[in-house]
Amino acid sequence: MHIGVISTSQIPSSTANSIQVTKVCQAYKQIGHEVTLYVPGDKEENWESIKRVYGLSEKFQIEWIRSARLFHRYDFALKVMNKSKRLGFDLIHTWTPQAALLANIIKIPYLLELHELPTGRFGPYIYNSILKSKFRKKRFLPITNALRNRYEEEFHFKFLPEEVVISPDGVDIERYNNLGTASEMRSRLGLPDRFSAVYTGHLYAGRGMNLLIELAKLMPDINFFWVGGRQNDLDHWHNKIIESGIQNIILTGFIDNELIPNYQVAGDVLLMPYEKEISGSSGGNTAEYCSPMKMFEYLAAGRPIISSDLSVLHEVLNATNAIFCDSDDPICWKNAIINLMNFPDMGNNLSKNAIEDAKKYTWIKRCINGLKNF
């Protein structure tokens, strides 16, 4: 098929959504489809730069479409859907509800990603129209069962079984093959070589950075690597770390996606300290229905995972592939790390199970499942 992929994400950027968009495009290419990605913008970017930022191995076509924020991306959706109808795409895959609404009208089959509940003045109205439309060549891809349930509660309806596929985030599992031991990777990256706990991702509110600071104070003999973050967040936490007199937290700053596996593998343990309220890149609280990309990367990295005990995370994690602690209990996290240090067999068992479970969540399998019987 020739698939038109439509997103309002900025390409390139460091947002999780933009990473997912490019990974979906790559996966479609890997299973034999032609892909054209449409995003807002007024100038093209160099493919080599995009490849590096997103850790891509498969090239696909990207078109940047001029769009005025004044129109809240409605002009973007209209331009792209006019182009889609003219070019005769077999399928639209989109994160943009305005595009899905137009696909309903002009009768182009589509998949619509659902990552959060609708916001804004017109968001609920648009989603209500899409969800309850009579056009049957559509499918919804909520990232968790919890989010599917929230949509059904919010809009007082039930998804038809053939119109919904739970589609968590994914991982390029092949990027984690043969990366060596944690000690070897620390040496390659020029990082201090002692027992290390790694966190990768943004440093937004709700990500557990205060907990990680408390852990660093409680455990001065191990290193904590914070990998990623935007400059304003880095500046904030850098100042806080200095004020606290902490010596064992290393902030790497932004790292291109192609190098993220190296930093995850450099950890003896991987931390996912989400709080009970999580701020997404577009705001709002996603703790009830999130599907963190790092969770699947951590599984593939084959290092023991310690995670906050959020209900939604149990859709993927369990006692065989992770250790759970309350986000408000730093002593639990400290004891979990100590146990992994003192009982390596326990960590090895968690890691083996994690690697096996990661195989269920590749980007390729995600795309195949989304298209099945469509």
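Summarised in this report is the structure supplied together with it. This structure is a prediction, so every number in the text was calculated from the model and none was measured.

### Comments concerning the pairing of strand β9 (residues 249-253)
Looking down a regular strand, the side chains alternate between one sheet face and the other.
Working step 1: One ladder, built from 4 bridges, connects strand β8 (residues 223-227) with β9; its direction is parallel. Residue pairing across strands places F224 opposite I249, the latter belonging to β9.
Working step 2: Crossover connection from β8 via helix α9 (residues 231-244) to parallel β9: handedness right-handed.

### A few points about the nonpolar core
Looking at soluble globular proteins, one finds that nonpolar side chains tend to be buried together.
Working step 1: Counting residues in each nonpolar core, the largest one holds 95 residues, and the members touching the most others are Y151, F224, W226, L271 and I306.
Working step 2: Residues in contact with Y151, not counting those within four places in the same chain, are L114, E116, L117, P118, Y127, L131, H156, F157 and F159.
Working step 3: Within the second largest apolar cluster, 29 residues are counted, among which are Y28, L37, V165 and C367.

### What about the environment of H236?
Working step 1: Inspection of the secondary structure puts H236 in helix α9.
Working step 2: Each C-alpha atom, one on H236 and one on L203, is 9.7 Å from the other, the two residues being 33 residues apart in sequence.

### Some words on the environment of A27
Working step 1: Residue placement: A27 occurs in helix α1 (residues 16-30).
Working step 2: We classify A27 as buried; its relative accessible area is 0%.
Working step 3: A sequence separation of 192 residues divides A27 from M219, and the C-alpha atoms of the two residues are 41 Å apart.
Working step 4: Every residue in contact with A27, bar those within four places of it in the chain, is listed here: W363, I364 and C367.

### Re empty space enclosed by the protein
Working step 1: Inspection of every chain in the model, using the stated rule, returns 2 cavities of 30 Å³ or more.
Working step 2: Taken as a whole, the largest cavity encloses approximately 50 Å³ of empty space.
Working step 3: In terms of lining residues, the largest cavity is bounded by I19, K23, G170, V171, D172, R175, Y176, N257, M293, E297 and W363.
Working step 4: Put simply, the parts of the chain that give the lining of the largest cavity at least two residues each are α1 and α11 (293-301).
Working step 5: A class-by-class count of the residues in the lining of the largest cavity yields 5 nonpolar, 2 polar and 4 charged.
Working step 6: Lining of the second largest cavity is provided by Y28, H93, L111, L141, S167, R366, C367 and G370.
Working step 7: When residues of the lining of the second largest cavity are assigned to their parent elements, the largest contribution, 3 residues, is made by helix α14 (residues 363-371).
Working step 8: Across the lining of the second largest cavity, the residue classes tally to 4 nonpolar, 3 polar and 1 charged.

### As for the side chain of S84
Working step 1: Among the structural elements, S84 can be located in helix α3 (residues 74-87).
Working step 2: Exposure remark for S84: the relative accessible area of 0% places this residue in the buried category.
Working step 3: Not counting residues within four places of it along the chain, the set of residues in contact with S84 comprises I6, F89, I92 and I108.

Procedures and definitions
Residues numbered from 1 in each chain as written. Predicted model: local features only at pLDDT ≥ 70, side-chain atom pairs only at ≥ 80, totals over all residues. Heavy atoms only, no water. Pairing = 2+ DSSP bridges. Helix = DSSP H or I, 4+ residues; strand = E, 2+ residues; numbered from the N terminus. Right-handed = clockwise from strand over helix to strand, strands pointing away. Core = buried A, V, L, I, M, F, W, Y, C linked by side-chain atoms within 4.5 Å. Buried < 20%, exposed > 50% of the residue type's maximum accessible area, 1.4 Å probe, protein only. Contact = heavy atoms within 4.5 Å. 1 Å grid on protein atoms, 1.4 Å probe; cavity = no way out; pocket = protein on both sides within 12 Å on 5 of 7 lines; lining within 4 Å. Points joined across faces, edges and corners; volume = space filled by probe spheres on them. Nonpolar A, V, L, I, M, F, W, Y, C, P; charged D, E, K, R; others polar.

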